[in-house]
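What the coordinates show
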Amino acid sequence: MQDPQPDFRPLPGAPETLAPGLRRIVAPNASPMTYRGTNTYLVGTGGLAVIDPGPMIEAHLDAILAALTPDQRITHILVTHAHLDHSPLARTLSEATGAPVLAFGDATAGRSAAMQALAESGMVGGGEGVDAGFVPDACLPDGALVSGDGWQLEALHTPGHFGNHLSFAWGDVLFSGDLVMGWASSLVSPPDGDLTAFMASLSRLAARRWSCFHPGHGAPVERPAARLTELRDHRLMRETQILTALHTGACDAAGLAARIYTETPAALLPAATRNVLAHLIDLEASGRARALTDLSEKAMFEAT
């Protein structure tokens, strides 16, 4: 598989200045799901906001603290969503600095009624893994403003990749978490991922003018409007492929993924299967497909 961003090779643990008042530290957790690793952002010049402290890796905690100059301190810790590669270090960093942890809510917050019903039926998510014990010190509702020492961030509830997913606007710059990335499309894995919500979040972001997205993984997205269009078109293309396959006969998500994701490495096929399942649930909700059994990872679907 070709490297999508061959020039993006940050040194894990090394702070890199991206703009005045903005630095990025990449965690040492590279993988097929996290690319080079989780991007942790430091916003401000005196009292700092940390966005996405990342996984529970002591070396990454040390790197964040070592990035502080004698006249700097961390005053706010913001979490985009409760996946194991984004949120676990938040509590430890809070204990080390006294800064509160801010997020939309716990790991179940923000689910739609349909996704909550799936969760209660026993369906569990796949992919990066849920930080089930995550609880913020304070919850940020959609539109909340968080202000610090010379900076202000606007919390935007952007579910789709995860129910409690927040993006953070810093003027016309957006910290887009795992909703919008340049190196890959986002995993949407029910019940934590919700394709209907994902498409709505893309449309919401497309209604505003942005200069740059700083994602949870990979390099900055320098053409945000074009990337939002690409992601929307990509999902519509997958939807068409799934419906075309279903018109030839009933199939489950794994079978459809194997037929559609023909160039995907075997290690990523389980994630592709979860994406297909998200499409199937969305197609059933819109009446274009029907599950032949109760919804589950192995349910067979047919076109209507």
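Anything mentioned here points back to the structure above.
Read on for a plain summary of the structure. Source: prediction; values computed, not measured.

Brief notes about the nonpolar core
Ranked by size, the top nonpolar core spans 24 residues in total, and within it I242, L246, L256, V276, L280 and F301 carry the most contacts. Looking at this core, the elements with two or more residues in it are helix 3 (113-120), helix 5 (224-246), helix 6 (253-260), helix 7 (269-285), strand 13 (289-291) and strand 14 (301-303). Take this core: its biggest share by element is 6 residues, from helix 7. Ignoring anything within four residues of it in the chain, the contact list for I242 reads L256, I260, V276, H279, L280 and L283. Within the second largest apolar cluster, 21 residues are counted, among which are I64, I74, A82 and A107.

Observations regarding the sheet that holds strand 12 (residues 212-215)
Sheet architecture is open: 5 strands sit in the order 8-9-10-11-12, paired in mixed fashion. Two strands close off the open sheet at either side, each with one partner strand: strand 8 (145-147) and strand 12. This sheet shows a mean twist of 25° between the axes of neighbouring strands, independent of strand direction. By the bridge criterion, 4 bridges tie strand 11 (residues 173-177) to strand 12 in an arrangement that is parallel. Within the sheet, the bridge partner assigned to L174 lies in strand 12 and is F213.

A few points about the packing of helix 6 against helix 7
Direction vectors running N to C along helix 6 and helix 7 enclose 115°, while the axes themselves pass 8 Å from each other. When the axis of helix 6 is compared with that of helix 7, the two are roughly perpendicular. Between helix 6 and helix 7 the crossing geometry is right-handed. Residues A253, A254, L256 and A257 of helix 6 lie in contact with helix 7, whose contacting residues are L269, A272, T273, V276, L277 and L280.

Cut-offs and rules
- Starting afresh in each chain, residues are numbered from 1 along the sequence in its written order.
- It should be noted that, the model being predicted, local features are given only for residues of pLDDT at least 70 and side-chain atom pairs only at 80 or more, the latter also being counted only at that level, while totals for whole chains, interfaces and linings use all residues.
- Hydrogen atoms and water are omitted, and side-chain values are computed over all heavy atoms in the structure.
- In this text, buried Ala, Val, Leu, Ile, Met, Phe, Trp, Tyr and Cys residues form a nonpolar core when linked through side-chain atoms within 4.5 Å.
- A simple rule labels every residue: compare its accessible area, found with a 1.4 Å probe on the protein chains alone, to the largest value its type can have, and call it buried under 20%, exposed over 50%, or partly exposed in between.
- Strands here are runs of E lasting at least two residues and helices are runs of H or I lasting at least four, both read from the DSSP assignment and numbered beginning at the N terminus.
- Residues count as neighbours in contact if any of their non-hydrogen atoms are within 4.5 Å of one another.
- Each pair of strands is called paired provided DSSP finds at least two bridges between the two strands.
- In this description, a line fitted to the C-alpha atoms serves as the axis of each element, helices being fitted only across the stretch in contact, and the angle between N-to-C directions of two axes falls anywhere from 0 to 180 degrees.
- Roughly parallel here means an angle under 35 degrees, roughly antiparallel means over 145, roughly perpendicular means 65 to 115, and every remaining angle is called oblique.
- Two helices that cross are described as forming a left-handed crossing if the nearer one is turned anticlockwise from the farther one by less than a right angle, and a right-handed crossing if clockwise.

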